[in-house]
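Okay, here's what each chain looks like letter by letter:
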Amino acid sequence: MEVANRSLDTIEDQSRRDRYRLHLHVNTDQPADFRDPRGWRVPDDVAKYLTCDCAIVPTMLADGVPFSVGRTSRVTPERTRRIVIHRDHGCRVPGCNHTHHLEIHHIVHWSDDGPTETWNLIALCAHHHRLHHRGELHITGNADLPAGTPGAVTFTAADGTVLTASGAKPKPPGAPPPQPAKSYHGPAGQQLHLRWLEFRHPDDYPNHRQYDTDQPHHHN
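Bear in mind that the values here come from a model prediction, so they are computed numbers and not experimental data.

Conventions and cut-offs
Residues numbered from 1 in each chain as written. Predicted model: local features only at pLDDT ≥ 70, side-chain atom pairs only at ≥ 80, totals over all residues. Heavy atoms only, no water. Salt bridge = Lys/Arg side-chain N within 4 Å of Asp/Glu carboxyl O. Helix = DSSP H or I, 4+ residues; strand = E, 2+ residues; numbered from the N terminus. Buried < 20%, exposed > 50% of the residue type's maximum accessible area, 1.4 Å probe, protein only. Contact = heavy atoms within 4.5 Å. Pairing = 2+ DSSP bridges. Core = buried A, V, L, I, M, F, W, Y, C linked by side-chain atoms within 4.5 Å. Polar contact = N/O pair within 3.5 Å; in protein donor to acceptor, adjacent residues only side chain to side chain. Patch = residues over 30% accessible without salt bridge, like charges linked within 9 Å, V, L, I, M, F, W, Y side chains within 5 Å. Areas by Shrake-Rupley, 256 points an atom, 1.4 Å probe, with all protein chains shown as cover. Arc of directions from axis to C-beta.

Student: Can you help me understand the pattern of salt bridges in this one?
Tutor: If charged atoms from side chains of opposite charge come close, those side chains can pair. Tallying each qualifying case throughout the model produces five salt bridges. With its nearest N and O atoms 3.6 Å apart, the salt bridge here joins R82 to E78. On the criterion of helical spacing, the pair formed by R82 and E78 is a turn pair, its members being four residues apart in helix α3 (residues 78-88). Classification of R82 by relative accessible area gives exposed; the value is 59%.

And the structure:
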């Protein structure tokens, strides 16, 4: 599936490059009530994940019967998406180094009337985006504010731990590695005839002799 998604990302024609188009029936009488064309209700976490960054095709209903299909529109316009990608330079989760195939996430979910504005949009890799919508990663704050300033984006694990970059910078070695104590001679590469090879345990030979490998052997 990821291979197919990345292949679609290379298509320049906007009408064909969408990863997927979301066809959901939205009940306006109940907030965040998304249903598939068969009428089955889509779980809230799945609906919020899908509607973060996709193309929406509205279907108008009358007495539960669809009668018209509206124009396709993107939840995050392409211009706004480019601004967010240029601002974030990769997944914003501390310690994550993914810079390609990013997804745009609404900090205040689109289905909860979260605005599609840069302060409410943040770039995430697919892994961390799924973690968030599974409830294992919480994201709050203003995405336009620099990190460390009051009100900036905060990432919190499920147990309440605030995630921060480790800042680990391994010190480079100051000298080349030491030379080996002795040279290594690899296998000779000669052919092994399995008919001359046999593995047995020493107990199979109760009268075997222990030879000193440093002394020459004399056989009759």
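Student: Explanation requested: unusual backbone geometry in the structure shown.
Tutor: Glycine aside, negative phi is the norm for most residues, and most peptide bonds take the trans geometry. In this model, H89 sits at a positive phi of 60 degrees, which is unusual for a non-glycine residue. Topologically, H89 is positioned in the loop between α3 and β8 (103-106). For H89, a relative accessible area of 59% puts it in the exposed group.

Student: Explanation requested: the side chain of T156 in the structure shown.
Tutor: Inspection of the secondary structure assignment puts T156 in strand β11 (residues 154-157). In contact with T156, other than residues within four places in its own chain, are E136, L137, H138, T161 and V162.

Student: It is not clear to me how the pairing of strand β10 (residues 137-140) should be interpreted in this structure. Could you clarify?
Tutor: It is a general feature of regular strands that their side chains alternate between the two faces of the sheet. The two faces of β10 differ: L137 and I139 on one face are buried, but H138 and T140 on the other face are not. As paired elements, β10 and β11 share four bridges and run antiparallel to each other. Across the sheet, residue T140 finds its bridge partner in β11, namely T154.

Student: Which parts of the structure should I look at to understand the nonpolar core?
Tutor: Side chains of a nonpolar character, in soluble globular proteins, are inclined to be buried together. By size, the foremost hydrophobic cluster in this structure holds 18 residues, and its most contacted members are C91, V93, L124, I139, V153 and F155. Counting residues per element, the ones that place at least two in this core are β9 (121-124) and β10. If one sorts the elements of this core by residue count, β9 sits on top with four residues.

Student: I tried to follow the side chain of H106 on my own but got confused; where do I start?
Tutor: Examined against the element boundaries, H106 turns out to sit in strand β8. For H106, a relative accessible area of 0% puts it in the buried group. Side-chain polar atoms of H106 contact the backbone oxygen of C52, separated by 3.2 Å. Only 3.0 Å separates the side chain of H106 from the side chain of T116, close enough to count as a polar contact. Contacts of H106, omitting those with residues within four sequence positions, involve C52, V75, T76, G114, P115, T116, N120 and L121.

Student: For this particular structure, what's the right way to read a nonpolar patch on the surface?
Tutor: A surface patch of nonpolar side chains, amounting to about 490 Å² of accessible area, comprises L192, L194, L197 and F199. Mapped onto the elements of the fold, L194 is located in the segment after β11.

Student: Is there a simple way to explain the pairing of β8 in this structure?
Tutor: The alternating pattern of β8 places E103 and H105 on one face and I104 and H106 on the opposite face, and all of these are buried. Bridge count between β8 and β9: four bridges; the pairing is antiparallel. The partner of H105 across the bridge, within β9, is I122.

Student: I would appreciate a short explanation of the environment of I139 in the present structure.
Tutor: Looking at where I139 falls in the secondary structure, it is placed in strand β10. Considered as a pair, I139 and T154 are 15 residues apart in the sequence and their alpha carbons are 5.8 Å apart. Among residues more than four places away in sequence, those in contact with I139 are H105, I107, L124, H132, V153, T154 and F155.

Student: Would you mind showing me how to read helix α4 (residues 126-133) here?
Tutor: Along an α-helix, residues three or four apart share an orientation, since each turn contains 3.6 residues. In terms of burial, α4 is largely enclosed, as six of its eight residues are buried. Listed as buried for α4 are A126, H128, H129, L131, H132 and H133. Contact partners of the buried residues in α4: α2 (44-50), β8, β9 and β10. Note on α4: the residue one or two positions beyond its end, G135, has a positive phi of about 85 degrees.

Student: Honestly, α3 in this entry has me stumped. Any pointers?
Tutor: Buried within α3 are the following residues: T80, R81, V84 and D88. Along α3, the residues classed as buried sweep out an arc of 100 degrees about the axis, all on the same side. Along α3, the residues that are exposed and aim more than 90 degrees away from the buried face are R79, R82 and H86. Those residues of α3 that are buried lie in contact with β8 and β9. Looking one or two residues past α3, H89 carries a phi angle of roughly 60 degrees, positive in sign.

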